[in-house]
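Coordinates in review
These are the residues of each chain, in order.
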Amino acid sequence: MSSKAVSVSARAFLFFMNRGTAAGHGAARAVRRYHARGAPAGPLGLRTVDLRSDTVTKPGPAMRRAMAEAEVGDDVFGEDPTVNELQKRAAELFGMEAALFVPSGTMSNLIAVMVHCSERGDEMIVGNLSHLHVYEQGGSAQLAGVHSTTVATRPDGTFNLTELEDKIRHGYPDPHYPRSRLVCVENTHNIQGGRVLPLSFLQELHSLADHYGVVVHMDGARVMNAAVALGVSPSVILQYCHTVSVCLSKGLGAPVGTMLAGSNGFVQRAVRARKVLGGGLRQSGILAAAGILALTGMVDRLKEDHHRTRTFAQALKQCDPPLYEVDVAAVATNILCFRLSDPSLSPADFCERAATVCEDEVRVLGQGVQVLMFPHVGGTIRAVWHMGISDDDTQAAAEKLYFLAQQYSKQKSRPC
Ligand SMILES: Cc1ncc(COP(=O)(O)O)c(C=O)c1O
């Protein structure tokens, strides 16, 4: 290792030791962890800005009231009026024949795979950085007996359609080959920082899929963010997919639930798959009531999340000293991925530092700000906006990251 490398990592070490020194003055005084999300600065001058995910939202009073007052029935018998209402509204909104309420996005994607790839060993084609491929425990193989092949996810969340075409198999029923049945896309794209798939890409993909007789499923966990970003109804996006999975429990703020939508025949088969996976719920109208509010009352406000994400990205870009590398033009919705300009600072250590409050910070900023973020794929850090994050929280988080950049720069300029 060169002496330069030693001194750089020594500075990074000191930066984090500084936090430890402050903690050494007494845990209660110097380092505080405060778990309430988006809380305003309290008497101790502490605020938490939870940017880990838009899944951390909690239902507000109106949603809790709707849940408490929901009319319910046995949904496995198809008798829950609130679930039926939610399914009807979702189908209309998405421009699909029917929709089904399921417990989670992971189960919803798996059901779609099971229904589309109905013969054991059928093959689906997915982006190598898709949630379905990376974060769903290989459920398609593990539970559905489905073989996956990948195409390279591009930075904008799309993939090369020629590469896709090359992956579609033509050998079936020759016993050597699986049967290509399904292509999955993700919109917005989580790992690629909330990117919105262009309509032109989806249109071309749809024509190609039709040509080869394969089906397009969209993991649209955040497709409402995509619709808001494009200024179109979700049905405009979803006209290019055969089925879609839309999460209610992310930016839309419901505590539980995902809508899986497609043709009547698809949803009938999805009901069977949901049951075998243990996702047939009984009086789930209590949850569906929150889902109705999520779809009817929470969509318009997503633009506020997008605006705050961009404001924060611009603030990081302007930070002096420049510790953050941000591509503001790539910020499309509520997810920001950024890098640290000093490779000797690890994203995991930085996130830990951002989540910690020290005495110096309280003195300089007038409050302690705990910013929660996750280290992300490819050495980046991910921050996600949602209804629990206000303009004030966004500003406080930016000030905290400025403070950290200054602290780091001071450490760097000191001789080691
Ligand atoms: C793009 C995407 N798809 C699917 C899921 C899975 O959703 P769930 O956590 O409800 O299983 C997530 C969760 O974050 C996601 O980001």
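Refer to the preceding data block for the structure.
Here is a short report on the structure shown in this document. (Residues numbered from 1 in each chain as written. Predicted model: local features only at pLDDT ≥ 70, side-chain atom pairs only at ≥ 80, totals over all residues.)

1. Focus on the site of the ligand
Around the ligand, a shell composed of Thr55, Ser104, Gly105, Thr106, His131, Glu186, Asn190, Asp219, Ala221, Cys247, Ser249 and Thr258 is seen. Class assignment of the residues belonging to the shell around the ligand gives a composition of 2 nonpolar, 8 polar and 2 charged. (Near = placed C-beta within 6 Å. Nonpolar A, V, L, I, M, F, W, Y, C, P; charged D, E, K, R; others polar.)

2. What to know about the nonpolar core
Counting 114 residues, the largest nonpolar core has Ala99, Ile111 and Val183 as the members making the most contacts within it. At 9 residues, the largest contribution of residues to this core is made by helix α13 (residues 285–297). Counting contributing residues, this core receives three or more from each of domain 1 (3–57 + 301–413) and domain 2 (70–297). Residues within four places of alanine 99 in sequence aside, it is in contact with Gln87, Ala90, Ala91, Phe94, Met259, Leu260, Ala261 and Val267. (Core = buried A, V, L, I, M, F, W, Y, C linked by C-beta atoms within 7 Å. Buried ≥ 20, exposed ≤ 12 C-beta atoms within 10 Å, placed from the backbone. Helix = DSSP H or I, 4+ residues; strand = E, 2+ residues; numbered from the N terminus. Domains from an automatic or database assignment. Contact = placed C-beta atoms within 7 Å.)

3. Focus on the pairing of strand β8 (residues 258–262)
The buried count for β8 comes to 5 of 5 residues, which makes it a mostly enclosed element. Of the two faces of β8, the one lined by Thr258, Leu260 and Gly262 and the one lined by Met259 and Ala261 are each fully buried. Bridge analysis of strand β7 (residues 243–247) against β8 gives 4 bridges, and the strand direction is antiparallel. Its bridge partner lying in β8, serine 245 is registered against leucine 260. (Pairing = 2+ DSSP bridges.)

4. As for the environment of alanine 315
Inspection of the secondary structure puts alanine 315 in helix α14 (residues 302–318). A C-alpha to C-alpha distance of 8.8 Å links alanine 315 and glutamine 395, two positions 80 residues apart in sequence.

5. Overview of unusual backbone geometry
The peptide bond linking asparagine 187 to threonine 188 adopts the cis configuration, its omega dihedral lying at 0°. By the secondary structure assignment, threonine 188 is in the loop between β5 (180–186) and α9 (199–212). In this chain, aspartate 320 is followed by proline 321 through a cis amide linkage whose omega measures 5°. In this structure, proline 321 sits in the loop between α14 and β9 (324–325). One non-glycine residue, glutamine 137, adopts positive backbone phi at about 60°. Inspection of the secondary structure puts glutamine 137 in the loop between α6 (131–134) and α7 (139–142). Residue class for glutamine 137 comes out exposed when judged on the 11 C-beta atoms lying within 10 Å of it.

6. Section: the packing of helix α4 (residues 81–94) against α13
Across the interface, α4 lies against α13 with an axial gap of 8 Å and an inter-helix angle of 30°. Between α4 and α13, the angle falls in the class roughly parallel. At the point where α4 passes α13, the crossing takes the left-handed sense. Between α4, through Pro81, Thr82, Val83, Glu85, Leu86, Arg89, Ala90 and Leu93, and α13, the contact on the second element is made entirely by Gly285, Ala288, Ala289, Gly291, Ile292 and Leu295. (Axes fitted to C-alpha atoms, helices over the stretch in contact; angles between N-to-C directions. Parallel < 35°, antiparallel > 145°, perpendicular 65-115°, else oblique. Left-handed = near helix turned anticlockwise from the far one by under 90°.)

7. A few points about α9
Over its 14 residues, α9 runs 20 Å from end to end, which matches the ideal 20 Å to within 8%, given 1.5 Å per residue. Contacts made by the buried residues of α9 are with α8 (161–167), β5, β6 (215–219) and α11 (234–238). Immediately downstream of α9, the backbone of glycine 213 shows phi near 70°, a positive value. (Expected span 1.5 Å × (residues − 1).)

8. Here we look at the sheet that holds β6
Read from one edge of the open sheet, 7 strands run β2-β8-β7-β6-β5-β3-β4, paired in mixed fashion. Each having just a single partner strand, β2 (98–102) and β4 (147–151) make up the two edges of the open sheet. Strand after strand, the sheet turns through a mean of 20° between neighbouring axes, direction not considered. Examined bridge by bridge, β2 and β8 share 5 bridges and lie antiparallel to one another. Opposite alanine 98, over in β8, you have glycine 262 as the bridge partner. Relative to the sheet, helix α12 (residues 264–276) contacts β2, β7 and β8, its axis offset from that of β2 by approximately 15°.

9. With respect to the sheet that holds strand β13 (residues 380–384)
The sheet built from 4 strands is open, its strands ordered β9-β10-β13-β12 with antiparallel pairing. Where the open sheet ends on each side, the last strands, each with one partner, are β9 and β12 (374–376). In this sheet, β13 lies alongside strand β10 (residues 335–340) in antiparallel orientation, the contact comprising 4 bridges. By the bridge assignment for β13, isoleucine 335 is matched with valine 384.

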